[in-house]
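Structural overview for review
Given next are the chains, with one letter for each unit.
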Amino acid sequence: MQRAEAPAGAVRHLALRLSPGTELRSALCEAFDESGAAAGFVAACVGSLTVAPLRFADRDDAVEVPGPLEIVALSGTLSTDGPHLHLTVADAEGRVTGGHLMPGALVRTTAEAVLGLTDAFAFSRALDPATGYAELFIRAR
């Protein structure tokens, strides 16, 4: 287990409202990159999507979930090496689907997101031989 603790007040927040047609994942990554922060996370996100490409557990391919969709939850970390984001959406009948957010999720009417940003530690991704994936690496600053 890796662990890093930030002092009180070490996190700042960035609020975003994304317009129709905006690609969700890249907009969050761009906002993080522009912030100059060394580590970030999704504090909150609500809104709607026209489509949600998701990668389910133990699969390599993405499944395109057709909309209209409501964002029920979005969580994850943002690093200089890229994001690790999980999205849960509900369709017009209330069926819920979730998975790893892949590129291509388009905002339908709006997406409102709040990002937590800090320089108290840095997030990066490195290959973990135990999992075979680029996993989160936490470094105190």
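What counts, and where the lines are drawn
Residues numbered from 1 in each chain as written. Predicted model: local features only at pLDDT ≥ 70, side-chain atom pairs only at ≥ 80, totals over all residues. Heavy atoms only, no water. Helix = DSSP H or I, 4+ residues; strand = E, 2+ residues; numbered from the N terminus. Rg over C-alpha atoms; globule rule 2.2 N^0.38 Å. Buried < 20%, exposed > 50% of the residue type's maximum accessible area, 1.4 Å probe, protein only. Phe/Tyr/Trp six-rings, centres within 6.5 Å; stacked < 30°, edge-to-face > 60°. Salt bridge = Lys/Arg side-chain N within 4 Å of Asp/Glu carboxyl O. Core = buried A, V, L, I, M, F, W, Y, C linked by side-chain atoms within 4.5 Å. Contact = heavy atoms within 4.5 Å. Pairing = 2+ DSSP bridges. Expected span 1.5 Å × (residues − 1). Polar contact = N/O pair within 3.5 Å; in protein donor to acceptor, adjacent residues only side chain to side chain.

Below, the discussion takes up the overall build of the protein chain. Within the protein chain, the secondary structure is distributed over one helix and eight strands. Relative to the compact-globule value of 14 Å for 141 residues, the protein chain shows a C-alpha radius of gyration of 15 Å, a close match. Principal-axis analysis of the C-alpha atoms gives the protein chain an extent of 45 × 35 × 20 Å. Within the protein chain, the fraction of its 141 residues that count as buried is 37%.

It is worth spelling out the packing of aromatic side chains at this point. Within this structure, the stated rule accounts for one aromatic pair. Measuring from ring centre to ring centre gives 5.5 Å for Phe121 and Phe123, while their planes differ by 35°; the resulting arrangement is tilted.

Right, let's get into the pattern of salt bridges. Counted under the stated rule, the structure contains five salt bridges. Of the charged contacts, one joins Arg141 and Asp119 as a salt bridge, the two residues approaching to 4.0 Å between their closest N and O atoms. With a gap of 22 residues between them, Arg141 in the segment after strand S8 (133-140) and Asp119 in the loop between strand S6 (106-118) and strand S7 (121-128) connect regions that are remote in the sequence. Taking relative accessible area as the criterion, Arg141 reaches 58% and is therefore assigned exposed. Residue Asp119 is classed as partly exposed on the basis of its relative accessible area of 37%. One network of salt bridges, with partners in common, ties together Arg12, Asp119 and Arg141.

For the rest of this paragraph, the subject is the nonpolar core. As a rule of thumb, soluble globular proteins bury nonpolar side chains together. With 27 residues, the main nonpolar core has Leu24, Leu49, Ala52, Leu74 and Leu87 as its most contacted residues. At the level of secondary structure, the elements contributing two or more residues to this core comprise helix H1 (24-35), strand S2 (39-55), strand S3 (62-79), strand S4 (82-90) and S6. Apart from residues no more than four positions distant in its own chain, Leu87 is found in contact with Leu49, Ala52, Leu54, Ile71, Ala73, Leu74, Thr97, Gly98, Gly99 and Leu101.

With that out of the way, let us pick up the pairing of S2. As paired strands, S2 and S6 are joined by 10 bridges and run antiparallel to one another. Across the sheet, Ala39 pairs through a bridge with Thr118, a residue of S6. Taking the residues that link successive antiparallel strands as the turn, the S2-S3 hairpin has six residues, and the phi of Asp58 there is positive, at about 60°. The pairing of S2 with strand S5 (residues 96-101) spans two bridges and is antiparallel. Counterpart to Arg55 in the pairing with S5 is His100.

On to H1, then. In a regular helix each residue adds 1.5 Å, so 12 residues correspond to 16 Å; H1 covers 17 Å between its end C-alpha atoms and thus fits that length. Turning to H1, its buried residues number three or more, namely Leu24, Arg25, Ala27, Leu28, Cys29, Ala31 and Phe32. Packing partners of the buried residues in H1 comprise strand S1 (11-18), S2, S3, S4, S5 and S6. Near the N-terminus of H1, the side chain that reaches the backbone nitrogen of Arg25, with its oxygen 3.5 Å away, is that of Glu23.

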